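In case you want the letters, here they are:
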There are 4 protein chains.
Amino acid sequence: MRIGLLTSGGDCPGLNAVIRSAVLHGIKSYGDEFVGFKAGWKGMIEADYIDLGRQDVRGIAREGGTILGTSRTHPYNHPQGGPEKIAKQLKRHDVDAVIAIGGEGTLAGAKRLADDGIPVVGVPKTIDNDLKATDYTFGFDTAISIATDAMDRLRTTGESHHRCMVSEVMGRHVGWIALHSGMAAGAHAILIPEQQVSIDQLCEWVEQVHSRGRSPLVVVAEGFIPENAEEALAGKGQEEDGRPRLGGIGEFITTQIEERTGIESRNTTLGHIQRGGNPTGYDRVLGTRFGIKALDLVHEQAWGHMAALRGTEIVKVDLSEALDGLKEVPSERYEEAKILFGR
Amino acid sequence: MRIGLLTSGGDCPGLNAVIRSAVLHGIKSYGDEFVGFKAGWKGMIEADYIDLGRQDVRGIAREGGTILGTSRTHPYNHPQGGPEKIAKQLKRHDVDAVIAIGGEGTLAGAKRLADDGIPVVGVPKTIDNDLKATDYTFGFDTAISIATDAMDRLRTTGESHHRCMVSEVMGRHVGWIALHSGMAAGAHAILIPEQQVSIDQLCEWVEQVHSRGRSPLVVVAEGFIPENAEEALAGKGQEEDGRPRLGGIGEFITTQIEERTGIESRNTTLGHIQRGGNPTGYDRVLGTRFGIKALDLVHEQAWGHMAALRGTEIVKVDLSEALDGLKEVPSERYEEAKILFGR
Amino acid sequence: MRIGLLTSGGDCPGLNAVIRSAVLHGIKSYGDEFVGFKAGWKGMIEADYIDLGRQDVRGIAREGGTILGTSRTHPYNHPQGGPEKIAKQLKRHDVDAVIAIGGEGTLAGAKRLADDGIPVVGVPKTIDNDLKATDYTFGFDTAISIATDAMDRLRTTGESHHRCMVSEVMGRHVGWIALHSGMAAGAHAILIPEQQVSIDQLCEWVEQVHSRGRSPLVVVAEGFIPENAEEALAGKGQEEDGRPRLGGIGEFITTQIEERTGIESRNTTLGHIQRGGNPTGYDRVLGTRFGIKALDLVHEQAWGHMAALRGTEIVKVDLSEALDGLKEVPSERYEEAKILFGR
Amino acid sequence: MRIGLLTSGGDCPGLNAVIRSAVLHGIKSYGDEFVGFKAGWKGMIEADYIDLGRQDVRGIAREGGTILGTSRTHPYNHPQGGPEKIAKQLKRHDVDAVIAIGGEGTLAGAKRLADDGIPVVGVPKTIDNDLKATDYTFGFDTAISIATDAMDRLRTTGESHHRCMVSEVMGRHVGWIALHSGMAAGAHAILIPEQQVSIDQLCEWVEQVHSRGRSPLVVVAEGFIPENAEEALAGKGQEEDGRPRLGGIGEFITTQIEERTGIESRNTTLGHIQRGGNPTGYDRVLGTRFGIKALDLVHEQAWGHMAALRGTEIVKVDLSEALDGLKEVPSERYEEAKILFGR
């Protein structure tokens, strides 16, 4: 078969491991040929692609990002998009099937295309760990690793100055990165979108820790919103649905803590370093296994399905399972983390 | 309650995270007190312990090793061992329950003690990932991380000289570390105890890669034994069952490759760096969750049980489940890795 | 002798290595005793100190921050400060000499105290590398290491999205961290306080790189001010001399680039992670050697002097040499870096 | 000009940074063209080379090894070697000058060629830091960084088991890596080729530390030979001068310590991981500056000279200065380190 690969949406460490293993598995086990569409669905729609041979994927699994590039183009909103034109385009270029690697938006596009008769399978990608139907995806572990390392650093400088250190991490809609990195780093408070916590409660935790002579560490997901703070956080542009985009929560709560408790406080917004750079071993293994499975799904003609992790197994699931709402942090996981909070 | 903690067997990154969270959870949620037995079962039997308060566990989750020390003392073979003496000793020191953190041997001891009426629960620890009944334990991910980083380094020097690089990793009885680190690093051959591979087959893979102008990377678990090589590897002392201990497999196959193929080859035996140093975020989270669960098991009086990971959940399992033979690498996982081998 | 140690000013990886080696050298070579003043000059003035024995410094060289804590207290501005009161205080507590480890402010205080008869020697500390009279100090190399690693990560995500990535690093008055980390990471533009660069020139460099299909990386020191931008950057409080404190330069130029070139751009302000965490081997060696030298200076009664690095040697220099203005990036070093800029 | 680059001898992190900056500087500042000879002098002699343009050096500074490959071929011993043939070869391929990047052997070859009229300049490379005439070269800092990290890991496992940990590091003729990494990691004994230390003395240090309840860390350079141990270490092939090659010193002293003191001991030979992988920021900056200087030397026609680091400056030195014997660890540096030894 001649198979097209694409990566779409935000980049994520581990994408290249998926590409590598799918290509090597296809060449070796099935005699497949591969093309890589550039910049996501855009490359597929516009037939902008490169051939992917064994040499092209050599040594890429340890590199962050994606060798194919990525974008947020949607396969139905593009002028040349939609199932008929895409079907013709694929036929013209002799592409028999497509492996789409991406997050919720990408997989929704893949599902719709599959329903419309395009031979597409998916590989789930989300640095935020917000996709249902898979225990984890690649990228999340690397983000945890980077954030944990950064917080270890923040703690030593915090303790030298007896300051409160705040660390804003990724997670616009869910708090998984905050939860895991905060638990790993021994955070004294973790603030996530799924859980309402008042600034008063936060300040109480901070003061408990500070009064014991320690330097409080607060981890906050970018999407956390304290009561009555929407106005203060607004003005960062618009979300796709037109609501005002909120931002700067780390800076906001740092100021609040300092004003209310008098404890010197500093914010560090980790930002884009959380999604770049060499993937961890964990993410490379997971990406590699996903790539192998995706290729097998193609040969099963399991259109509209994707690879997923369940326990230690890589399984086939229907894309609709992954699209059934965001995977939020359950209350019991937050309660577990709270054991380490405050005093 | 007054609860004793001990770590036994080989050390492993993540042990301190277990200790920290069990202690903090107990103090905060149940008003427990804690003692830490020094050097494993030995400290319990000889009543050599320290008090463990909030201050004693501060900041330890990011440190490798175990603040309690460890040893290979067995609770039944020690002169003051056995259930009656231990029961008296625990009573004399007002210890109501014991959390034993360790591998197969430790958990077997814990199980037998529990069967003999001692209030013991377990936490599984194995850097080799060879325990059944839990998807993973802490320490394994850190070992993979260290080994993968080391192999990334070996590849650049190998490629500069067009050499074959061999890396011997831990795994006396199972090949999990070799499998995952080799898959992450893009190894061209992975040799594990569970799978028979001839030196001829290995040399074929090495030559395929070398002839394409690349530097072959071979990962070998310390417990792998090629056909007819037992004699060559013997003379490293004795196993506990009296058989000769084998060793130096990395060096052995490096010499074999060089002699048979003429390709310049170098071995690096990673050794003890694989089990030391700061745990990864993954292992800290897992250790933290295990510690919390173990404390809950104590309050459930679930003697003879342990914490285990299943998917994303921490569950209670009977210790006997973990002791039902080693968890070996299944054939299908090896076949998956073989996709990346050789040419 | 009985010697007091203190760390003052911003913390910096390597401080603990200085403390360790001074203490071990003193105990072993001279039979000295040590006290550690807490939180800088404050602890000395208020006689808030701990005894420092061999056990207290064990294993600390690999930890970031300072076990003694630090503050910005000035020995002449404190109510109990000034040479007479300090002399009495030291006498009352049997402290024969003081080793003050700190930056420009600290060393200026030490110099003035030494001139006023207090037996003080110095150890230079500056994460920014802005002290004259020493080639480097500890902390700078760790900062470069952290910033370089962060930029490696930014590059992979930048290249996947074909974005311009901006990284704001420390350096309020000098551009050493920007220069070295930018050179290491292959930055396409480096902006430092010592060199005037227009936004037009910057955009030209960015466009050159972007038009070749690459992702531009811009490194900017926090103290860089483009022409006519003071107003835009103001409102971050006041400098000590009353001028408005400027801030947010990374965010500012990111917006400028995006507006003027239309190239999607993202800023990451590395912040406090640059000064925390485990020191590099380089900084541990340098801190260790500085500590040994400082102790020798005490026994030479070289009051008013400090340890310094010249080439590969640790030498004695008068504190006044270090206080003769900031060490700025010379033009020729900037020209050297410019070779890598833009196209 | 049309300039040929080559890397020769053992590989070393930082080589690619030299190549990158020389090429970019030449293209931008002088309009030069570049070729890269493959596998050291061999590629030059056999005219096996690739063109090196801007695209070919993009992003390579952060990669270990050398994109040109390397070998130990000597320009006078090769059948087509010697100055006349080389001069003709260079002329035939329009190469106007050669930049040779390598260690003692390479630079000796470059010097002899320059004396024989070939337009060659050098860049010093030695992971062992054994070259005179330059304070440091790239690669050494990366090796220190890797070895220090490994020893940090060994310490936590050592302390958990109360074992003596031995770490064998590179350094066949000089002890710089052992000295710096040992000092950084807080080693209780450092053994280097330049200093005679008896096994008795070593065991005394180890016992002092162990008796204080700690885990001794011993760092040994591969070229250290204790009294009367030549026979025990022999049988590893031959040195170039025909003497038996010695090896396995780490294993040897581990056995000695265990036998004489009864303290459980473990050796880890770090091996090739010390020379591979991503260079540190320090080494990338140094390599970059060396590359720029080397290109300037070419345009100065400073044949027979090389770039060197003196303090913070990159200077021009005659190759003969670098070839005037090995740079050994001076006694005073060893005495400095001994302050941290034993008790």
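Residues numbered from 1 in each chain as written. Chains lettered and ligands numbered in written order. Predicted model: local features only at pLDDT ≥ 70, side-chain atom pairs only at ≥ 80, totals over all residues. Heavy atoms only, no water.

**Points about the overall build of chain A**
Stage number 1. Across its full length, chain A holds 12 helices and 11 strands.
Stage number 2. With respect to the principal axes defined by its C-alpha atoms, chain A has extents near 70 × 40 × 30 Å.
Stage number 3. Taking all 343 residues of chain A together, the buried fraction comes to 66%.
Stage number 4. Pairs at least 24 residues apart make up 73% of the contacts formed inside chain A by residues separated by at least 6 positions. (Helix = DSSP H or I, 4+ residues; strand = E, 2+ residues; numbered from the N terminus. Buried < 20%, exposed > 50% of the residue type's maximum accessible area, 1.4 Å probe, protein only. Contact = heavy atoms within 4.5 Å.)

**Thoughts on the packing of aromatic side chains**
Two measures describe an aromatic ring pair: the distance that separates the ring centres and the angle between the ring planes.
Stage number 1. Taken as a whole and judged by the stated rule, the model has 22 aromatic pairs over all chains.
Stage number 2. Here the aromatic rings of Tyr334 of chain A and Phe341 of chain A are separated by 5.9 Å at their centres, their planes lie at 80°, and the arrangement is edge-to-face.
Stage number 3. Owing to a relative accessible area of 0%, Phe341 of chain A belongs among the buried residues under this scheme.
Stage number 4. Members of the aromatic cluster, each reached through a chain of ring pairs, are Trp205, Tyr334 and Phe341 of chain A.
Stage number 5. Arg112 of chain A extends its terminal NZ or CZ atom over the ring of Tyr76 of chain A, reaching a point 3.7 Å from the ring centre.
Stage number 6. For the cation-ring pair, Lys327 of chain B lies above Trp176 of chain B, with the distance from its terminal atom to the ring centre recorded as 5.9 Å. (Phe/Tyr/Trp six-rings, centres within 6.5 Å; stacked < 30°, edge-to-face > 60°. Lys NZ or Arg CZ within 6 Å of the ring centre and 35° of its normal.)

**Let's talk about unusual backbone geometry**
Stage number 1. Even without being glycine, Asp94 of chain C reaches a positive phi, approximately 60°.
Stage number 2. By the element assignment, Asp94 of chain C lies in the loop between helix H3 (83-92) and strand E4 (97-102).
Stage number 3. Not every positive phi belongs to a glycine, and Gln301 of chain D is a case in point at roughly 55°.
Stage number 4. Inspection of the secondary structure assignment puts Gln301 of chain D in the loop between helix H10 (281-299) and strand E10 (305-310).

**Remarks on the relation of the copies chain A and chain B**
Stage number 1. Laying chain A over chain B is done by rotating through 180° and shifting 0.0 Å along the axis; what remains is an RMSD of 0.0 Å. On the angle and the small slide along the axis, the relation comes out as a two-fold axis. The rotation axis passes nearest to the C-alpha of Gly311 of chain A in chain A, at a distance of 1.9 Å.
Stage number 2. Of the interface residues in chain A, 100% have counterparts in chain B that sit at the interface too, so the contact is made through matching surfaces. (Least-squares fit on C-alpha atoms with pLDDT ≥ 70 in both.)

**Concerning the sheet that holds strand E6 (residues 164-169) of chain B**
All names here are of chain B.
Stage number 1. Taken together, four strands build an open sheet; the order of strands is E7-E8-E6-E9 and the sheet is parallel. The outermost strands of the open sheet, each flanked by one partner alone, are strand E7 (189-191) and strand E9 (265-269). Neighbour-to-neighbour, the strand axes of this sheet turn through a mean angle of 15°, independent of strand direction.
Stage number 2. In terms of strand pairing, E6 meets E9 through five bridges, oriented parallel. Considered in E9, the bridge of Cys164 is made with Ser265.
Stage number 3. This element, helix H5 (residues 140-161), spans E6, strand E8 (217-221) and E9 of the sheet and lies at about 165° to E6. (Pairing = 2+ DSSP bridges. Axes fitted to C-alpha atoms, helices over the stretch in contact; angles between N-to-C directions.)

**Quick word on the packing of helix H7 (residues 199-211) of chain C against helix H9 (residues 249-261) of chain C**
Axis angle and axis distance: for two packed helices, these are the angle between their axes and the distance between the axes, and together they describe the pair.
All names here are of chain C.
Stage number 1. Here H7 crosses H9 at 70°, and the two axes come no closer than 10 Å. As summarised for this structure, H7 and H9 are arranged roughly perpendicular, according to the angle between their axes. The two elements H7 and H9 cross, and the hand of that crossing is right-handed. Contacts between H7 and H9 involve Ile199, Asp200, Leu202, Cys203, Val206 and Glu207 from the first element and Phe252, Ile253, Gln256, Ile257, Arg260 and Thr261 from the second.
Stage number 2. Of the residues that constitute the contact of H7 with H9, the class distribution is seven nonpolar, two polar and three charged. (Parallel < 35°, antiparallel > 145°, perpendicular 65-115°, else oblique. Left-handed = near helix turned anticlockwise from the far one by under 90°. Nonpolar A, V, L, I, M, F, W, Y, C, P; charged D, E, K, R; others polar.)

**Some thoughts on the sheet that holds strand E8 (residues 217-221) of chain C**
Hydrogen bonds between backbone atoms are what pair the strands of a sheet, whose relative direction is either parallel or antiparallel.
Residue and element names in this part refer to chain C.
Stage number 1. In space, the four strands of this open sheet follow the order E7-E8-E6-E9, with parallel pairing throughout. Sheet topology places strand E7 (189-191) and strand E9 (265-269) at the edges, where each strand pairs with a single neighbour. With direction set aside, neighbouring strand axes in the sheet form an average angle of 15°.
Stage number 2. Packed onto the sheet, H9 meets strand E6 (164-169), E7, E8 and E9 and runs at close to 175° relative to E9.

**Comments concerning the packing of helix H6 (residues 176-185) of chain D against helix H12 (residues 331-338) of chain D**
Residues and elements named next belong to chain D.
Stage number 1. Interaxial distance between H6 and H12 falls to 10 Å at its minimum, and their mutual angle equals 30°. Between H6 and H12, the interaxial angle falls into the category roughly parallel. With respect to the hand of their crossing, H6 and H12 are arranged in left-handed fashion. Of the residues in H12, those in contact with Trp176, Leu179, His180 and Met183 of H6 are Arg333, Tyr334, Glu336 and Ala337.
Stage number 2. Of the residues contributing to the contact of H6 with H12, the split by class is five nonpolar, one polar and two charged.

**Overview of the interface of chain A and chain B**
Stage number 1. Contact with chain A, which involves 41 residues of that partner, is made by 42 residues of chain B.
Stage number 2. Overall, the association of chain A and chain B removes approximately 3900 Å² of surface from exposure, summing both partners, and the carbon and sulfur fraction of that is 53%.
Stage number 3. For the salt bridge of Arg289 of chain B with Glu336 of chain A, the shortest nitrogen-to-oxygen distance reads 3.1 Å.
Stage number 4. Along the lines of polarity and charge, the residues of the side of chain A that touches chain B split into 12 nonpolar, 11 polar and 18 charged. (Buried area = accessible area lost by both parts, 1.4 Å probe. Salt bridge = Lys/Arg side-chain N within 4 Å of Asp/Glu carboxyl O.)

**Thoughts on the pattern of salt bridges**
Residues and elements named next belong to chain D.
Stage number 1. Throughout the structure, instances matching the rule amount to 74 salt bridges over all chains.
Stage number 2. Measuring nitrogen to oxygen at the nearest pair gives 3.5 Å for the salt bridge that ties Glu222 to Arg172. With a gap of 50 residues between them, Glu222 in the loop between strand E8 (217-221) and helix H8 (230-233) and Arg172 in the loop between strand E6 (164-169) and H6 connect regions that are remote in the sequence.
Stage number 3. The partly exposed category is assigned to Glu222, whose relative accessible area is 24%.
Stage number 4. On the basis of relative accessible area, Arg172 is assigned to the partly exposed category, the value being 27%.

**Topic: the nonpolar core**
Stage number 1. Ranked by size, the top nonpolar core spans 356 residues in total, and within it Ile99 of chain A, Ile99 of chain B, Ile99 of chain C together with Ile99 of chain D carry the most contacts.
Stage number 2. Beyond its immediate stretch of four places on either side in the chain, Ile99 of chain C contacts Ile3, Gly4, Leu5, Leu6, Ala22, Val121, Val123, Ala294, Leu295 and Val298 of chain C. (Core = buried A, V, L, I, M, F, W, Y, C linked by side-chain atoms within 4.5 Å.)

**Focus on helix H4 (residues 104-115) of chain D**
Stage number 1. Relative to the 16 Å expected for 12 residues at 1.5 Å per residue, H4 of chain D spans 16 Å between its end C-alpha atoms, a close match to the ideal helical length.
Stage number 2. For H4 of chain D, the complete set of buried residues consists of Thr106, Leu107, Gly109, Ala110, Lys111, Leu113 and Ala114 of chain D. (Expected span 1.5 Å × (residues − 1).)

**Let's talk about the pairing of strand E11 (residues 313-318) of chain A**
Residue and element names in this part refer to chain A.
Stage number 1. Sheet analysis places strand E10 (residues 305-310) next to E11, joined by six bridges and oriented antiparallel. Bridging across to E11, Arg310 finds its partner in Glu313.
Stage number 2. Counting the residues that bridge the hairpin from E10 to E11 gives two residues, and of these Gly311 lies at a positive phi of roughly 65°.

**Let's talk about the state of the cysteines**
Stage number 1. Following the criterion strictly, the structure yields zero disulfides over all chains and no others.
Stage number 2. Here Cys164 of chain D stays unpaired: no disulfide links it, and the sulfur of Cys203 of chain D, its closest cysteine neighbor, is 8.6 Å away. (Disulfide = S-S within 2.5 Å.)

**Let's talk about the domain arrangement of chain A**
Residues and elements named next belong to chain A.
Stage number 1. Each assigned domain of chain A is listed with its residue range as follows: domain 1 (2-138 + 279-323) and domain 2 (141-275).
Stage number 2. Using C-alpha coordinates to define each centre, domain 1 is positioned 34 Å away from domain 2.
Stage number 3. Taken together, the 13 residues of domain 1 in the interface contact 12 residues of domain 2.
Stage number 4. Summed over both partners, the interface of domain 1 with domain 2 comes to about 1000 Å²; 54% of that surface belongs to carbon and sulfur atoms.
Stage number 5. In terms of surface lost to domain 2, no three residues of domain 1 exceed Ile127, Asp128 and Thr280, which account for 45% of the buried area on that side. (Domains from an automatic or database assignment.)

**Overview of the side chain of Arg333 of chain D**
Stage number 1. Within the fold, Arg333 of chain D resides in helix H12.
Stage number 2. Side-chain polar atoms of Arg333 of chain D contact the side chain of Glu336 of chain D, separated by 2.9 Å.
Stage number 3. The residues touching Arg333 of chain D, leaving out its near neighbours within four places in the chain, are Val285, Arg289 and Thr312 of chain C together with Trp176, Leu179 and His180 of chain D. (Polar contact = N/O pair within 3.5 Å; in protein donor to acceptor, adjacent residues only side chain to side chain.)

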